[in-house]
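Residue-level structure breakdown
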Amino acid sequence: MAGAVLSALNFRLDETTLAAILEQLEAKFIFVDHQYVEVVLRALDSLRQLISTTSGNIKLPILVLIPDNNNDQKSSNVYNHHQYYQNLPPGTGTLNYNHLLESAAHHGTAEFEIIRPNDERDPISVNYTSGSTGSPKGVVYSHRAVYLNSMANILNMGMMTTSSTGQTTVFLWTVDMFRCNGWCFTWAMAAIGGTNVCLRNVSANIIFDAISLHKVTHLCGKPVILNILAEASGHQAHVKPLSSRVDVVVAGTLPSVQVLTKVTELGFNISYGYGMTEALGPAIIEPWRPDVDIKGCRLGRNLITMEGFDVKDSSTMESVPSDGRTMGEIMFRGNTLMSGYLKNPKATEEAFKGGWYRTGDVGIRHPDGYIEMKDRAVDVVICEGQAVSTLEVEAVLLCHPHVSEAAVVGRRRPDISADCSADHDQTTLCAFVKLKGSSSGSSGGTSSQGIIEFCGQSLPAFMVPKAVIFGDLPVNPTGKVQKFVLRDKANGAIGSDGLDNLLLD
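The model shown is predicted, which means the values in this text are computed figures rather than measured ones. (Residues numbered from 1 in each chain as written. Predicted model: local features only at pLDDT ≥ 70, side-chain atom pairs only at ≥ 80, totals over all residues. Heavy atoms only, no water.)

**Details of the sheet that holds strand β10 (residues 268-276)**
What counts here: What makes two strands pair is DSSP finding at least two bridges between them. Numbering of helices and strands runs from the N terminus; a helix is a DSSP stretch of H or I covering at least four residues, while a strand is a stretch of E covering at least two. As a rule, the C-alpha atoms of each element are fitted with a line to give its axis, helices using only the stretch in contact, and angles between N-to-C directions run from 0 to 180 degrees. Should any heavy atoms of two residues lie within 4.5 Å, those residues are considered in contact.
In spatial order, the strands read β7-β6-β8-β9-β10-β11; together these six strands make up an open sheet with mixed pairing. Every other strand in the sheet has two partners, leaving β7 (195-198) and β11 (281-287) as the edge strands with one partner each. This sheet shows a mean twist of 25° between the axes of neighbouring strands, independent of strand direction. Each of β6 (170-173), β7 and β8 (218-221) touches helix α7 (residues 185-192); the most contacted strand, β6, lies at about 160° to it.

As structure tokens, then:
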């Protein structure tokens, strides 16, 4: 209502990336929780130095501190003596969030004028991609797209209050608000007058306590949420009986059937979503069914705001056959897509080339009308002339009783030189695995050969990894696995000392 464009930023970003984003946004204000003041101040230092070397008209944003209410003076002292403020007149450049609210209460709201958008296609927010395939891009959302997507969320999730039960929607925030404005649930919850329950930390006991205390009805997030809930079932002290079932939606590679079954038995209804920042979060939400193979997510029934959802040949723009085999690129067309990338018309034009939004994901079409997402286009590996979905292999690895995390990439055969062009005879699969209870590169007594044989029980020979490396998986600030790092490691590790017992070909 202040006429501002919102941009919720990832608190895990480093100061260099944060400074670059603030420069692109030309931010006027930045609201900062007391926990993250230091990294923001370092980013503002970098931004000030950047501005001093350019001739632009960008100004430093005013910092609005959201203090620790238990220790307001300590929060204020954190930044009052920082070098960023040493050259500023007293009281300039900073505001205290609580004082700001008190000021508004003192003056009243009679003089406040709501600034409405001139056009429903005006921007309401800018959300940044994870940068998994390059630098983060600012994705612009319009008021129209956000409104429609929020309504779709309400319908898809069954969040409307019914007169028969009178139950109010209570949303537990286990999905970060910097992820597509919390998948647009920030607005959806406001639209239905629901209750938001916010957390500083996410753990099993906190989730179950919140559900019990606040009668939570919905929660969302990454698939790791399901692992947290399932593991809690083995520690009864953390598990409180649910008075009613809770709807949980996750987006990403689903864990094993065993995990999904445990979570369902605890009292949760599981659904999985498919989408991306450019589609305002999960564009499609499907209920999980134990009778459906989960190696790939089957999608396509719950399209409310999308005009089109298809798998196309990226060159001809023709739909691929509905044979369950032919791969193409998954594409969207509709009213709940981004307006474009901020200050990047070239990338915007490329993303919508041919009149459809190109997701960069590879999928197939089934005869029954469902679309199945197979992999990111950049992650598909050609082995023995066959296109291999690394997500399918990872799903099998996650079914291993000792595996907690897994990622699969293509690896050059050890007997092929690095300067030789890759083809289907030269590439094998390399699995990176983190074991349960392991925080280092230790195999914990589980052998690579054992994991390879485990995969061989469920996968054809060309899809079975020929190498296994144990250890932590590298992730970016949003928690996505950096497969480009793993590809470099897999190929650079060939013949390296210390990996002979982990690499089996």
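**Focus on α7**
The line we're drawing: The rule is simple: take the accessible area with a 1.4 Å probe, protein chains only, and divide by the maximum for that residue type; under 20% is buried, over 50% is exposed, in between is partly exposed.
Of the positions making up α7, those classed as buried are F185, W187, A188, M189 and I192. Residues of α7 that are buried sit in contact with β4 (123-128), α5 (143-156), β6, α6 (180-183), β7 and β8. Positive backbone phi, approximately 65°, marks G193, located one or two places after α7.

**Structural notes on the packing of helix α9 (residues 224-232) against helix α10 (residues 257-266)**
Selection criterion: Note on terminology: angles under 35 degrees are roughly parallel, angles over 145 are roughly antiparallel, angles of 65 to 115 are roughly perpendicular, and the others are oblique. What makes a crossing left-handed is the near helix being turned counterclockwise from the far one by less than a right angle; a clockwise turn instead makes it right-handed. Residue polarity follows a fixed list, in which Ala, Val, Leu, Ile, Met, Phe, Trp, Tyr, Cys and Pro are nonpolar, Asp, Glu, Lys and Arg are charged, and the others, Gly among them, are polar.
Following both chains from N to C, one finds α9 and α10 inclined at 65°, their axes separated by 9 Å at the closest point. On the basis of the axis angle, α9 is roughly perpendicular to α10. The hand of the α9/α10 crossing is left-handed. On α10, the residues that touch L226, N227, L229 and A230 of α9 are V259, L260, K262, V263 and L266. Looking at the contact of α9 with α10, its residues break down into seven nonpolar, one polar and one charged.

**Digging into the packing of aromatic side chains**
Test applied: Any Phe, Tyr or Trp ring, taking Trp's six-membered ring, that has another such ring centre within 6.5 Å forms a pair; planes under 30 degrees apart are called stacked, those over 60 apart edge-to-face, and the others tilted.
Enumeration over the complete set of coordinates arrives at ten aromatic pairs. Here the aromatic rings of F31 and Y97 are separated by 6.2 Å at their centres, their planes lie at 85°, and the arrangement is edge-to-face. Taken together, the positions of F31 in strand β1 (residues 29-33) and Y97 in helix α4 (residues 97-107) put the pair 66 residues apart, joining distant regions of the chain. Residue F31 is classed as partly exposed on the basis of its relative accessible area of 48%. Note on F171 and F185: the rings are 4.8 Å apart at their centroids and 25° apart in plane angle, and the pair reads as stacked. In this pair, F171 is assigned in strand β6 and F185 in helix α7, connecting sequence segments 14 residues apart. Put simply, the rings of F11, Y36 and F178 touch in pairs and so form one group of aromatic residues.

In short, geometric facts, not functional conclusions.
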